[in-house]
Amino acid sequence: MNIGITYTEFFFQCEDDSQFESDDTLSEGYGCYTLTVTSSQNGVEMASSSSHYEFEEKQDTADGTTYTWEELNPVSSC
């Protein structure tokens, strides 16, 4: 998986389609993850920022059918 940048926002670029393949990146399974982005210039760290995300399975039932999906949502800390 590639991490791309658009101005000051980061995004995950998925392979072939719009589905996020959790097995490729989130090998530990469901739980809290910390993404740290660090920038450097000539080998000197200039800035660093960390964000926390909860990876979890969601479920809902509508019209007798149960739907299951996964979400990666920002949280304040792990």
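Residues numbered from 1 in each chain as written. Predicted model: local features only at pLDDT ≥ 70, side-chain atom pairs only at ≥ 80, totals over all residues. Heavy atoms only, no water.

Colleague: How should I be thinking about the pairing of strand E3 (residues 31-41) in this particular structure?
Modeller: Side-chain positions along a regular strand alternate between the two faces of the sheet. Note that E3 and strand E4 (residues 44-62) share eleven bridges and pair antiparallel. Pairing of Tyr33 across the sheet is with Tyr53, part of E4. Hairpin connection of E3 to E4: two residues between the antiparallel strands, including Asn42 at a positive phi of 55°. (Pairing = 2+ DSSP bridges. Helix = DSSP H or I, 4+ residues; strand = E, 2+ residues; numbered from the N terminus.)

Colleague: What should I look at first to understand the packing of aromatic side chains in this one?
Modeller: One pass over the structure, following the stated rule, counts one aromatic pair. Consider the rings of Tyr30 and Phe55, whose centres lie 5.1 Å apart with planes at 40°: the pair is tilted. In this pair, Tyr30 sits in the loop between helix H1 (22-25) and E3 while Phe55 sits in strand E4, placing the two residues 25 residues apart along the sequence. You can call Tyr30 partly exposed: its relative accessible area is 43%. (Phe/Tyr/Trp six-rings, centres within 6.5 Å; stacked < 30°, edge-to-face > 60°. Buried < 20%, exposed > 50% of the residue type's maximum accessible area, 1.4 Å probe, protein only.)

Colleague: Can you walk me through unusual backbone geometry in this structure?
Modeller: Phi angles above zero are rare outside glycine, and Asn42 is one such case at about 55°. By the element assignment, Asn42 lies in the loop between E3 and E4. Judged by relative accessible area, Asn42 falls into the exposed class, the value being 78%.

Colleague: It is not clear to me how the environment of Glu57 should be interpreted in this structure. Could you clarify?
Modeller: As for its placement among the helices and strands, Glu57 is situated in strand E4. With 26 residues separating them along the chain, Glu57 and Gly31 place their C-alpha atoms 9.8 Å apart. Ignoring anything within four residues of it in the chain, the contact list for Glu57 reads Tyr30, Thr68, Trp69 and Glu70. (Contact = heavy atoms within 4.5 Å.)

Colleague: It is not clear to me how the state of the cysteines should be interpreted in this structure. Could you clarify?
Modeller: Among covalent bonds in proteins, the disulfide is the one between the sulfur atoms of two cysteines. The final tally for this structure, using the stated rule, is one disulfide. Shown here is the disulfide that connects Cys32 with Cys78, its sulfur atoms set 1.9 Å apart. The sign of the S-S torsion, about -75°, decides the handedness of the disulfide formed by Cys32 and Cys78: left-handed. Taken together, the residues span a long stretch of sequence, with Cys32 in strand E3 and Cys78 in the segment after strand E5 (65-75) at a distance of 46 residues. For Cys32, a relative accessible area of 31% puts it in the partly exposed group. The exposure class assigned to Cys78 is exposed, which follows from its relative accessible area of 55%. (Disulfide = S-S within 2.5 Å.)

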